[in-house]
Structures are given as structure tokens and as C-alpha cells.
Amino acid sequence: MNAVELVGVSKVFLGKNKREFRAVHQVSLQIPEGEFFSLLGPSGCGKTTILRMIAGFELPTTGEVYIQGEQMRDRPPFHRPVNTVFQNYALFPHLTVAENVAFGLEMENLPRQQIRTRVGDALALVRLNGLEDRRPRQLSGGQQQRVALARAIVKQPQVLLFDEPLGALDLKLRKEMQLELKHMQQQLGITFIYVTHDQEEALTMSDQIAVLQEGKVLQVGTPTEIYEQPNCRFVADFIGESNFLVGRVIEQDSGGVVVLVDETLPISIPCSETFPVGKVVTLVIRPEKATIHPAHYLDQPCLAGIVTEVVYLGTDTRFVIRLTPQSTIVVRRQNIYRSNLDCFAIGESVQIQMASDSIQILGEGQLLPSQTFTASRRENR
Amino acid sequence: MTHPSPSQTLRQKINLSILLFPATFWLILFFLLPLLIVLLYSFLERGTYGGVSWVFTLENYQRLINPIYWGVLTRSLNLAFLTTTICLLVGYPLAFFIATRPPRWQNTLLLLIIIPFWTNFLIRIYAWIIILRNEGVINTLLQSLNLINQPLDLLFNSFAVSIGLVYGYLPFMVLPLYATLEKFDFSLIEASHDLGANDLKTLIRVVLPLTLRGIVAGSLLVFIPAVGEFITPDILGGAKSIMIGNLVQNQFLGARNWPFGSVLSIVMMAIVLVPILIYFRNSENSNQF
Ligand SMILES: Nc1ncnc2c1ncn2[C@@H]1O[C@H](COP(=O)(O)OP(=O)(O)OP(=O)(O)O)[C@@H](O)[C@H]1O
Ligand SMILES: [Mg+2]
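Keep in mind it's a predicted model, so treat the numbers as computed, not measured.

### Notes on the overall build of chain A
Per the secondary structure count, chain A includes nine helices and 20 strands. Principal-axis analysis of the C-alpha atoms places the extent of chain A at approximately 80 × 50 × 45 Å. When burial is assessed residue by residue, chain A has 50% of its 381 residues classed as buried. Considering only residue pairs separated by 6 or more positions, chain A has 66% of its internal contacts joining residues 24 or more positions apart. Only carbon and sulfur atoms are counted for the fraction: they give 50% of the accessible area of chain A, which is about 18,100 Å². In chain A, which carries 38 positive and 42 negative side-chain charges, the distance between the mean positions of the two groups comes to 8 Å.

### Some thoughts on the sheet that holds strand β3 (residues 36–40) of chain A
All names here are of chain A. Reading across from one edge, β6-β7-β8-β3-β9-β10 is the order of the six strands in this open sheet, with mixed pairing throughout. Among the strands making up the open sheet, the edge pair consists of β6 (82–85) and β10 (216–221). Pairs of neighbouring strands in the sheet enclose a mean axial angle of 20°, with direction left out of account. In the sheet, β3 pairs with strand β8 (residues 191–196) via five bridges, with the strands oriented parallel. The partner of F36 across the bridge, within β8, is F192. The sheet contacts of helix α4 (residues 141–153) involve β6 and β7 (159–163), and relative to β6 the element is tilted by about 175°. Here helix α5 (residues 171–188) sits on the sheet and contacts β3, β7 and β8; the angle it forms with β8, its principal contact strand, is near 155°.

### Describing the UniProt feature "domain: ABC transporter" (unreviewed entry) in chain A
The UniProt record annotates "domain: ABC transporter" (unreviewed entry) at residues 4–239 of chain A. Counted over residues 4–239 of chain A, helix gives 35% and strand 27%. Its end C-alpha atoms are 25 Å apart.

### Digging into the side chain of D316 of chain A
Residues and elements named next belong to chain A. Following the sequence through the fold, D316 ends up in strand β17 (residues 316–322). Judged by relative accessible area, which is 12%, D316 ranks as buried. The residues contacting D316, other than those within four sequence positions of it, are V311, R332, R333, Q334 and N335.

### Points about the pattern of salt bridges
Taken as a whole and judged by the stated rule, the model has 17 salt bridges over all chains. Residues R52 of chain A and E190 of chain B are paired through a salt bridge, measuring 2.8 Å at the closest nitrogen-oxygen approach. Of this pair, R52 of chain A sits in helix α1 (residues 47–55) while E190 of chain B is found in helix α8 (residues 187–194), placing the two residues in two different chains. Residue R52 of chain A is classed as partly exposed on the basis of its relative accessible area of 21%. Connected through salt bridges with shared partners, the residues K11, R52 and E58 of chain A together with E190 of chain B form a single ionic network.

### A closer look at the interface of chain B and chain A
Listed as interface residues are 19 residues of chain B and, on the opposing side, 25 residues of chain A. Summed over both partners, the interface of chain B with chain A buries about 2,100 Å², with 61% contributed by carbon and sulfur atoms. Here chain B and chain A share two salt bridges between them. Across the pair R205 of chain B and E106 of chain A runs a salt bridge, and its minimum N-O distance is 2.9 Å. On the surface where chain B and chain A come into contact, there are eight residue pairs in polar contact (both at pLDDT 80 or more). For the side of chain B that touches chain A, the elements supplying multiple residues, two or more each, are α8 and α9 (199–210) of chain B. Top contributing element to the side of chain B that touches chain A by residue count: α8 of chain B, with seven residues.

### Quick notes on the UniProt feature "domain: ABC transmembrane type-1" (unreviewed entry) in chain B
Per the UniProt record, the feature "domain: ABC transmembrane type-1" (unreviewed entry) sits at residues 73–279 of chain B. Helix and strand shares over residues 73–279 of chain B are 77% and 0% respectively, and the end C-alpha atoms of the span are 22 Å apart.

### Some points on the nonpolar core
Residues and elements named next belong to chain A. With 82 residues, the main nonpolar core has V4, L6, L39 and I193 as its most contacted residues. Those residues in contact with L39 that sit more than four places away from it in its chain are L29, K47, I50, I193, Y194, V195, T196, A210 and L212. Counting 34 residues, the second-largest nonpolar core is a separate cluster that includes V85, Y89, A102 and L123.

### What to know about the site of ligand 1
All names here are of chain A. Contacts to ligand 1 come from F13, F21, A23, S43, G44, C45, G46, K47, T48, T49 and E164. If ligand 1 stood free it would expose 630 Å²; the protein chains cover 62% of that surface. Of all elements in the fold, only β2 (20–32) and α1 reach the threshold of two or more residues within the shell around ligand 1. A breakdown of the residues in the shell around ligand 1 according to their chemical character gives four nonpolar, five polar and two charged.

### Side note on the sheet that holds strand β5 (residues 70–71) of chain A
Residue and element names in this part refer to chain A. Pairing is antiparallel in the open sheet, where four strands are placed in the order β2-β1-β4-β5. The strands lining the two open edges of the sheet, one partner per strand, are β2 and β5. Where strand β1 (residues 2–14) and β2 come together, nine bridges link them in antiparallel fashion. Residue V9 lies in a different strand from β2, and its bridge partner there is V27.

### With respect to the domain arrangement of chain A
All names here are of chain A. When its domains are assigned, chain A resolves into domain 1 (2–233) and domain 2 (242–362). Using C-alpha coordinates to define each centre, domain 1 is positioned 40 Å away from domain 2. Facing the eight residues of domain 1 at the interface are eight residues of domain 2. Contact between domain 1 and domain 2 buries roughly 690 Å² in total, counting both sides, with carbon and sulfur atoms accounting for 49%. If you look at where domain 1 meets domain 2, you find one salt bridge. E228 is the salt-bridge partner of K289, the closest N and O atoms lying 3.2 Å from each other. Our count for the domain 1 to domain 2 interface comes out at four residue pairs in polar contact (both at pLDDT 80 or more). No other element matches helix α7 (residues 223–228), which puts three residues into the side of domain 1 that touches domain 2. For the side of domain 1 that touches domain 2, the class distribution of residues is four nonpolar, two polar and two charged.

### Quick word on the UniProt feature "transmembrane region" (unreviewed entry) in chain B
Residues and elements named next belong to chain B. Mapped onto this numbering, the UniProt entry gives "transmembrane region" (unreviewed entry) at residues 20–44, 79–97, 109–131, 159–181, 202–224 and 258–280. Across residues 159–181, the secondary structure splits into 100% helix and 0% strand, with the terminal C-alpha atoms separated by 31 Å. The span residues 258–280 is 100% helix and 0% strand, and its two end C-alpha atoms sit 32 Å from each other.

### Some remarks on the confidence of the model for chain B
Scored by pLDDT, chain B comes out at a mean of 88, with 94% of its residues at no less than 70. Mean pLDDT values over the elements of chain B span from 82, in helix α13 (residues 258–286) of chain B, up to 96, in α8 of chain B.

Reading the values: rules and limits
Each residue is numbered by its place in its chain's sequence as written, counting from 1. By the order in which they are written, chains take letters starting at A while ligands take numbers starting at 1. At least 70 in pLDDT is required for a residue's local features to be given in this predicted model, at least 80 for side-chain atom pairs to be given and counted, and no such filter applies to totals for whole chains, interfaces and linings, which use all residues. Hydrogens are left out, water is left out, and the side-chain values use all remaining heavy atoms of the structure. Here a strand is any run of E in DSSP of at least two residues, a helix any run of H or I of at least four, and the numbering for each starts at the N terminus. Only protein chains enter the calculation, and the probe is 1.4 Å; a residue is then buried if its accessible area is under 20% of its type maximum, exposed if over 50%, and partly exposed in between. Contacts are assigned to residue pairs that have any heavy atoms within 4.5 Å of one another. The protein chains shown are the only cover counted for residues, whose accessible areas, like all others here, come from Shrake-Rupley with a 1.4 Å probe. Charge counting treats Lys and Arg as positive and Asp and Glu as negative, with His and both chain ends excluded. The atom standing in for a charge is NZ when the residue is Lys, CZ when it is Arg, CG when it is Asp and CD when it is Glu. Between any two strands, at least two bridges found by DSSP are needed for them to pair. Under this scheme, a helix contributes an axis fitted over its contacting stretch, all axes are lines through C-alpha atoms, and angles between N-to-C directions fall in the 0 to 180 degree range. UniProt positions are given in the numbering used here, feature names are shortened, and annotations may be inferred rather than shown by experiment. Salt bridges are counted wherever a side-chain nitrogen of Lys or Arg sits within 4 Å of a carboxyl oxygen of Asp or Glu. Accessible area that two parts lose when put together, with a 1.4 Å probe and added across both, is what the buried area reports. Polar contact is the term for a pair of N or O atoms within 3.5 Å; when the atoms are in protein, one must be able to donate a hydrogen and the other to accept it, and sequence-neighboring residues count only if both atoms are side-chain atoms. In this text, buried Ala, Val, Leu, Ile, Met, Phe, Trp, Tyr and Cys residues form a nonpolar core when linked through side-chain atoms within 4.5 Å. We call a residue near a molecule or strand when any one of its heavy atoms sits within 4 Å of it. When residues are grouped by polarity, Ala, Val, Leu, Ile, Met, Phe, Trp, Tyr, Cys and Pro land in nonpolar, Asp, Glu, Lys and Arg in charged, and all others, Gly among them, in polar. Each domain span listed reflects an automatic or database assignment of domains. Confidence scores per residue from the predictor, reported as pLDDT, run from 0 to 100.

Put into C-alpha cells, the structure is as follows:
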């Protein structure tokens, strides 16, 4: 059974002058039990709104939310088997750490003794023993975050909701907490629904990711699927770095297609999908999946161009190579050998080799002039 | 300049006292001095035509044994307590409502609360006579609806005084409550709901404790002046609903017994001092979170 299921959920807010604003549009998601599920998207794409509809703070304008197979429309937040870790933590400032954690259990009218043991266990789980009698304002940001986590976990809910819980922490602490959260989720077996706009965080922690844009779900899949086979340009661009080459299909057979980029550059790609000859498509190439060679190094047909930018990044070096007057491509090369660190200089002619099965073809795209625009924007990064 | 020399700190002290002088002077002249005069008068004999004659006596305090005065005092406290309670019960939801409106509405609503202040207090209290009297708005309405045969006695009793007091002091309750509620973090209500608390439990466990400061401040601002009120009971109350304020006024102006008037003032002040002390202790404690 799915822990949480959204069926055609939309949310329309009434803004000033009764103007309608669609924050969430026709979202359907199935979130299996025990899974770490992330909602990923840029600011304002409706992640928090979706989470609030699951928690019950907002009602969907249309569509239904199901938790453990039960419809939630008429259930107020305090009768839903979910708990939230809020972005600003929302700890009760007048209560101590222990009282904050005990709050939810007291609402269930559990016996005192049981509350005490469960609060103790929860605080031990988040490693906060010894701070029971502090007030939230006497804690560091990371400690407050742990109290918020303990307060939600102690209720032993079916589903835990997180709204960018690590957003306020510094990088190191954030990485630590990411691992800890992931570990805790596996240990407790609770379903986590995790909102973030940090693609790296989503990739490292999730079993499944839903990528959102302007209130719509673009793609749902495992981190590998999302990264290796993005289904649209937005996903490819939002998660990791991508090269986009727009071209027209000029040949099509059972094995694959040949795409002509910028009217001059034919690239052949094996693919199972069929694209009619003449269709405009976009090729997505990850920078680390292309290799750079000196000119005339390979005797098979391949991409060739001129190096226009070299940036040394430590673990790897990032090259920008101009293929045609309109198109550039970014290639990253791991710096394995010290001896050939600076073997490609600006202005040098190079060849680029790509494993053709690592190129993703998208049946979308527009030839010129947007193409030149994207190329130059990439260069500016 | 990093190490302030002793002379500098001395100069700073002098500067400070110069800056504070107007405030100190004002407090001494208009607060401390009158208070001492009242205290002094309470131990003197009354003069024949008002004023005092300079003979020390404790007689004025002995007069307090008379149960009539304790009756008036109890009534004053009861009425002030009732007024405070009603103001709180009406004012809290009102302040909560205002604080949860969009910001541009909040100012308008606050203005509506304050606007009556622009009219003279006496006139506003007299207006209640027109509403409450036998041929007044309420009685006429009820009679024309045939709900009552005889006009109800709404005026010149404790009921009318309480209405006048609640009406007069409600803004003093609403404004401090609004000030605390406006700073209240409403996401805590969601957190409380999320943890399984219904609306009532959320109110008792989260909202009320965190707005206690406003509740205490508003209650004091209503209770203290309400105990000493004399205009409202004078206009809306009958002979049986005089308050200690009327008694003081009467001793000074009517009976021309200044020393006994002073004694009553001091008793009143002592009683009012109790909630103030509680307030200060409370605000020290609540500084902790
Ligand atoms: N109560 C509301 N009234 C009107 N509009 C709202 C309301 N809540 C959210 N919105 C709008 O809905 C959109 C989605 O908001 P939401 O908070 O879900 O975004 P988000 O994805 O969580 O963004 P962020 O990453 O910045 O937190 C935003 O454009 C926001 O302005
Ligand atoms: Mg958000």
C-alpha cells in the first residue's frame, strides 16, 4: 500500500484583487511505504504547498490526498497520522526541550511514565541528552533542528514531513545531518517526504525524487533515472550540469538516429525511441561523460572544436569548447595525472569523444535564435 | 580613546544626570511631592472650612473601622474585577481577530478602536444614559417588539456602571493584547495542531502562555484606573453603586474632610499596588524566554 497518494491535486490561491494563482497543478504522486521521497524544485514551485496539503494545513482546491489508503479531506491536521519538521523549526519558546518533545505525547493522554521513557529515547536518538531543561533560545541552530526532529519522531507517525529542514545550517553540519537523517529513516522504517531545492541533497538522500516546476510534476524517478535519463530540458538543467545541442533528425533507422546540429555537424546516436526525419530534437550531454583529446587523435568521425575556456577546479578541470559559431560544449576531465594537467590551452583544436549511449535525446527544442542564447549563457557561468 | 579614564566616566555620569534632570524633576514635582503631601495630610486634623490644621492624629485611620467604607471598597474591587474580566473576554478575541487580518486591515481596525477616544469621555458616558434610560433605545425597542411590558431598570445601578466601565476601558485591554499577539508566531499554532492538539488545547497550552504578558499588562491597565473611577459611577450609578473614587471626591469637595480623603486615597493606592508588584515580578520571570 502507498503511504501517501495524491490524486490530481491542485491548489489555487486567491491573491490581491481576487486574482487566481495556481500554486499546484494536477499533481498525482504515489509514495510507497518506508521510502525516502523528495520533492525537488526551484523556489516558488509549490513544494511547501504540497507538503502543507498532506499535513492538512491547506485543503486541495481539487483532487484528493490519501494517507494509508484513507481519504483525508475531512481530517484536520491533529487527526492525521503524519508529523512535520518545520523549516523554521517552530519550537515552543516557553517550553523546555523535554517539554517540547513531550507535547505531542501529552496530547495523546499517555501515562506519565511512558511519556518520560519515550521522550528520553527520542532525545537519545537525536543525541540531545543532557539538554532536556534548556529553552529553545538557549540552543544552537543545529540543536534546535534536532529538537524539532525529536518532537516529530517521538509521535511514531506513519509519515514524517520535512520542509527544507537543513536549510538554515552551515554546509558541514548539513552534510552530517543528511547522513544522519538517511540513516535514521532506514533504521525507523518511517516514510519520509522531504522538500528541498538542493539537487545534491535530493540525489544523495532519496529513494525517489519528484522534480517540480511551476506547480507541476515533471519527472518522478530514482536519483539515477533523474540524472541519467532526464525527460525534459528543465530537469536536465536543474539537476547537475548539462550541454544542450539542438538539431534536426536527418536519418532514422532501427538502430538509432543521426542528428544534424547547426546545419553542419552530424551526430549519430543509438536510441530505441523513433523520431521522424525532420523533427527538431535536443541532445543532452553531461560534461563528465565527454572526453577531450588532441586534434587528429581519433581516426573515427567525432566532434571537433576549439578550446575557449579552461577552469581548474581541483578534482577536475572544466573546458568550454566551441563546436560551431552557434554552439559550445562543456567538458569536465578528472585530474588523475599531474603530468597532463595543462595539456590543452585556449585556442587549441581538440576532439571530443562521447559514449553515444550516454547521450539523452529529448523530443523538444527550438532551432535558433534561442540556441545561441543558451550557448552564451553556459559560457558565462 | 579605547580606555575611558575615570574623569571621562565621571563626565559621562554628569552628562547622564543632566539629561535625566527633566524627567527626575517632573517625577518629583508631580508624583512624589503630591504623594507625600497626601500621606502627611492623612495624619492631620481637618480644618473647619476645609484644609487641615497642623495637629497630629491617628483618628482618620480609626474611622476606617466603619463597615460602610469596607462595603464601598469591596464594591469597587468587585466592579473593577468584573470590568477587567469582561474586557479580557471581549478584548482577547477582538485583538486576536485584528492581529490575524492582513496588515493593511490591521491599522484600519486599530483606528476604529481608538477613534472613540477623540470624543470627550463625559459625552461618551452621557450617551449611555440615552441608550439605557426608561425611554431609551433599548427599552423602546424591546417594548415595540412586545417582549416586555414595563421598561427594564437599566440605569442608575451597578449594571449600568459595569457597562460604562467596560466601554471606557476596553481599548486599554485591546491595545496591549494586540501588541503581544502581533508579535506572536502563528506557525506555532500549526506546530501544535501537527502534534495532535485541537484548537482548545492549542489555546490553553500554546497561545495563552505565550501572550500572558499582554494579558497581564492589559488587565492592569484596566483594573487600576477602574478601581479609582468616579465619573462613570457618578453619572451612570445610583446611590447604591458609589465607588471608592466617589468617596474620595466627596471627602475633598463635599464633606471638606481633606485628611480622611487622604486616608481613603492611601488605602486605595495600597490595594492597587498589589497587582503592580505582581506584574513586575511576572515580567522579570517572563524575560527568561
Ligand atoms: N497563502 C498563500 N496565498 C497566496 N499565494 C501563496 C500562498 N502560499 C503560497 N503561495 C504562492 O504559491 C507558490 C508556491 O509556494 P510554495 O511556498 O509552495 O513554494 P516553495 O516551492 O515551497 O518555494 P520555496 O523553495 O521558496 O520555499 C508561490 O508563488 C507562493 O507565492
Ligand atoms: Mg517552501
